[in-house]
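Descriptive structure summary
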Amino acid sequence: MQRILQPGDIEALDHTQPPRIRLPQPASLFAERAARLAQKAQGHPIGEYLQFLARLVRAQQQAAGTVQTAAPDPALIARAQQHSMPLLPAAEHIPTEWQGVLDQLLTTLKNEENLALAPVLSALAAMNFEARQALARRVLLGLLTEPGDLAAAPIAMAALQVVFADRASRLQERDIPYTDPATVCPVCASAPVASVQRIGARADGLRFLHCGTCATEWHMVRVKCSHCESTEGVRYQGLEGASGTDESVLAETCDQCHHYRKIAHQDKDPLAEPLADDLASLMLDLLMAETPYARASLNPLLPMAEAESAPAPSTATP
Ligand SMILES: [Zn+2]
Ligand SMILES: [Zn+2]
């Protein structure tokens, strides 16, 4: 049967066109992220924590080679495209394979000489199937309401990232709907953790938002707020260092919605990796906490209680 080409098909066929979507490649994704965290940990004020995360991401990389999630139902794809909705909202479609990944991560983390970690690992190991699925939903929705959720969230999230990246990697660019608003992941509806201006090949010089859950990247023009899509009042702020402002990671601030999200520049540092660079630039968040701009979304490997995040726009003073 002959099929009518959709706009996405035509773009995907034309390899000179800039990509709209960059689907994750889990093997290289986690390897590059772990290497970046280990590199950034050197002489860093929170170096030990970044080293721990580098080991966690390396465990994600190992687990990524063992999972195989099911291909999504074509009817779901068609419906999402018809309604300009994200394909498979994460909290409503949790592949149960994440539980096996969690067990693998727990086995690796058992070797950590970290006393604070031990009770979290045993609590996660003791949870039954239903309790784990409920935890996954709370983590994905950012509703850490149960005791112990805050400590368990980064480890649960690490396991979830592996299966969601695997699932996204099995899609084709033409499957991904054009979503409105364009500020959530078109695959899993999660918030972007940061954005990245990429170098090389078709993506050179383009800015992509990077999903904190499934690591899909979607194109958004530069100097546009990644939280409210305003093109007015967008400015950049960086950390001053001995050699001037460090421009490899900047906070993109918006005077319309009073939020900020970081942008990592590969043209300033080719190894920049959005999630790792966001964690390694925690000092920039401390600086931003003194401004009227609130962080648009949290880093999935560093969940915080709601009260600890930056002031809401309604309480902000101009
Ligand atoms: Zn996603
Ligand atoms: Zn905005």
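The shown structure was predicted, so the numbers you read here are calculated from the model rather than taken from an experiment. (Residues numbered from 1 in each chain as written. Chains lettered and ligands numbered in written order. Predicted model: local features only at pLDDT ≥ 70, side-chain atom pairs only at ≥ 80, totals over all residues. Heavy atoms only, no water.)

Some details on the domain arrangement of the protein
- With domains assigned, the protein is organised as domain 1 (25–172) and domain 2 (192–315).
- The C-alpha-based centres of domain 1 and domain 2 are spaced at 21 Å.
- Taken together, the 24 residues of domain 1 in the interface contact 22 residues of domain 2.
- Summed over both sides, the interface of domain 1 with domain 2 buries roughly 1,900 Å², with 68% coming from carbon and sulfur.
- Among the residues domain 1 hides against domain 2, the three largest losses belong to Arg33, Arg36 and Gln161. Together they make up 29% of the total.
- Along the contact surface separating domain 1 from domain 2 lie 3 salt bridges. (Domains from an automatic or database assignment. Contact = heavy atoms within 4.5 Å. Buried area = accessible area lost by both parts, 1.4 Å probe. Salt bridge = Lys/Arg side-chain N within 4 Å of Asp/Glu carboxyl O.)

A look at the coordination of the zinc ion (ligand 1)
- Coordination of the zinc ion (ligand 1) by the protein is provided by Cys185 (SG), Cys188 (SG), Cys211 (SG) and Cys214 (SG), with metal-donor distances spanning 2.3 to 2.4 Å.
- Between consecutive donors of the zinc ion (ligand 1), the numbers of intervening residues give the motif C-x2-C-x22-C-x2-C.
- The class for Cys185 is buried, based on a relative accessible area of 0%. (Donors = N, O, S within 2.8 Å, 3.2 Å for Na, K, Ca; no water. Buried < 20%, exposed > 50% of the residue type's maximum accessible area, 1.4 Å probe, protein only.)

A look at the coordination of the zinc ion (ligand 2)
- Listed as protein donors to the zinc ion (ligand 2) are Cys225 (SG), Cys228 (SG), Cys254 (SG) and Cys257 (SG); their distances from the metal cover 2.3 to 2.4 Å.
- Coordination geometry of the zinc ion (ligand 2): the 4 donor atoms subtend angles of 106 to 113° at the metal centre, consistent with an arrangement described as tetrahedral.
- Within one chain, the residues donating to the zinc ion (ligand 2) are spaced in sequence as C-x2-C-x25-C-x2-C. Separated by 32 residues along the polypeptide, Cys225 in the loop between β4 (217–219) and β5 (234–241) and Cys257 in the loop between β6 (244–254) and β7 (259–265) bring together distant segments of the chain.
- A relative accessible area of 13% means that Cys257 is categorised as buried. (Tetrahedral: all angles 85-135°; square planar, octahedral: opposite > 155°, others 65-115°. Helix = DSSP H or I, 4+ residues; strand = E, 2+ residues; numbered from the N terminus.)

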